[in-house]
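Chain and residue survey
Residues per chain, in single letters:
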Amino acid sequence: MIKPREKAPDLNIQLVNDTTWKLSEQSPKNFTMILFFRGKHCPVCRKQLEDLQSSLDKFTERGVNVIAVSSDTEEVAKETFKQWAIKDIPLGYGLPIEEARKWGLFISKGIKQEPEYFTEPGLFLLAADATVYWESIQSMPFGRPEFPAVLGGIDYILKADYPARGEA
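Anyway, here's the lowdown on the structure attached to this text.

Rules used throughout
- Residues numbered from 1 in each chain as written.
- Predicted model: local features only at pLDDT ≥ 70, side-chain atom pairs only at ≥ 80, totals over all residues.
- Heavy atoms only, no water.
- Axes fitted to C-alpha atoms, helices over the stretch in contact; angles between N-to-C directions.
- Helix = DSSP H or I, 4+ residues; strand = E, 2+ residues; numbered from the N terminus.
- Parallel < 35°, antiparallel > 145°, perpendicular 65-115°, else oblique.
- Left-handed = near helix turned anticlockwise from the far one by under 90°.
- Contact = heavy atoms within 4.5 Å.
- Nonpolar A, V, L, I, M, F, W, Y, C, P; charged D, E, K, R; others polar.
- Buried < 20%, exposed > 50% of the residue type's maximum accessible area, 1.4 Å probe, protein only.
- Pairing = 2+ DSSP bridges.
- Expected span 1.5 Å × (residues − 1).
- Arc of directions from axis to C-beta.

**Brief notes about the packing of helix α1 (residues 43-61) against helix α4 (residues 147-160)**
Two elements in contact, α1 and α4, have axes separated by 10 Å at closest approach and are oriented at 30 degrees. As far as their axial angle goes, α4 and α1 are roughly parallel. Pair α1 / α4 crosses with right-handed handedness. Along its contact with α1, which presents Gln48, Asp51, Leu52, Ser55, Lys58 and Phe59, the element α4 presents Phe147, Val150, Leu151 and Ile154. Residue composition of the contact of α1 with α4, by class: six nonpolar, two polar and two charged.

This is the structure:
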């Protein structure tokens, strides 16, 4: 598990637009938000990412760069991008399970129509220097932070110059 104020693991991930996203190359005004999601098989993920699409301009206004990442294959991720209403979200795929474990994400073994192994959800807000500021990790698809609450938290953080907590 990574504690707040610690450097996040490096992340180099392929995007569905055939480019590579690198955490080390991010230079957000305030934060980078990485949303790890279960994959195309998950209807709760679809709702979450479509909600993110609806809120994306609000994150941008607050100086937050956003990416969504799964361990899905390239083919599945590209289908996801076409079928879900997420046209402006950088969508990464192929996250190796070993890399997901470095982030402290829970890993599930697939049942029914799920992939053999996949990550459970996690939301990371990283400071501009790529240190962990805020993390929310779930072991189930339910109970994820809602974006209005995340945005409200960011507003407070920026207004009050509130430090990352949970580092002790």
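**A word on the pairing of strand β8 (residues 122-127)**
Burial analysis of β8 places six of its six residues in the buried class, the great majority of the element. Residues Gly122, Phe124 and Leu126 point to one face of β8 and Leu123, Leu125 and Ala127 to the other, with burial holding for every one of them. Here strand β3 (residues 31-36) pairs with β8 via six bridges, running antiparallel. When the bridges of β8 are listed, Ile34 appears paired with Phe124.

**Side note on α4**
Every α-helical turn comprises 3.6 residues, leaving residues that sit three or four positions apart pointing alike. Over its 14 residues, α4 extends 20 Å from the first C-alpha to the last, a length consistent with the 20 Å expected when each residue adds 1.5 Å. The set of residues buried in α4 consists of Phe147, Val150, Leu151, Gly153, Ile154 and Ile157. Down the axis of α4, the smallest arc covering the buried residues is 160 degrees, so these residues share one side. The exposed set on the far side of α4, more than 90 degrees from its buried face, consists of Pro148, Ala149 and Lys159.

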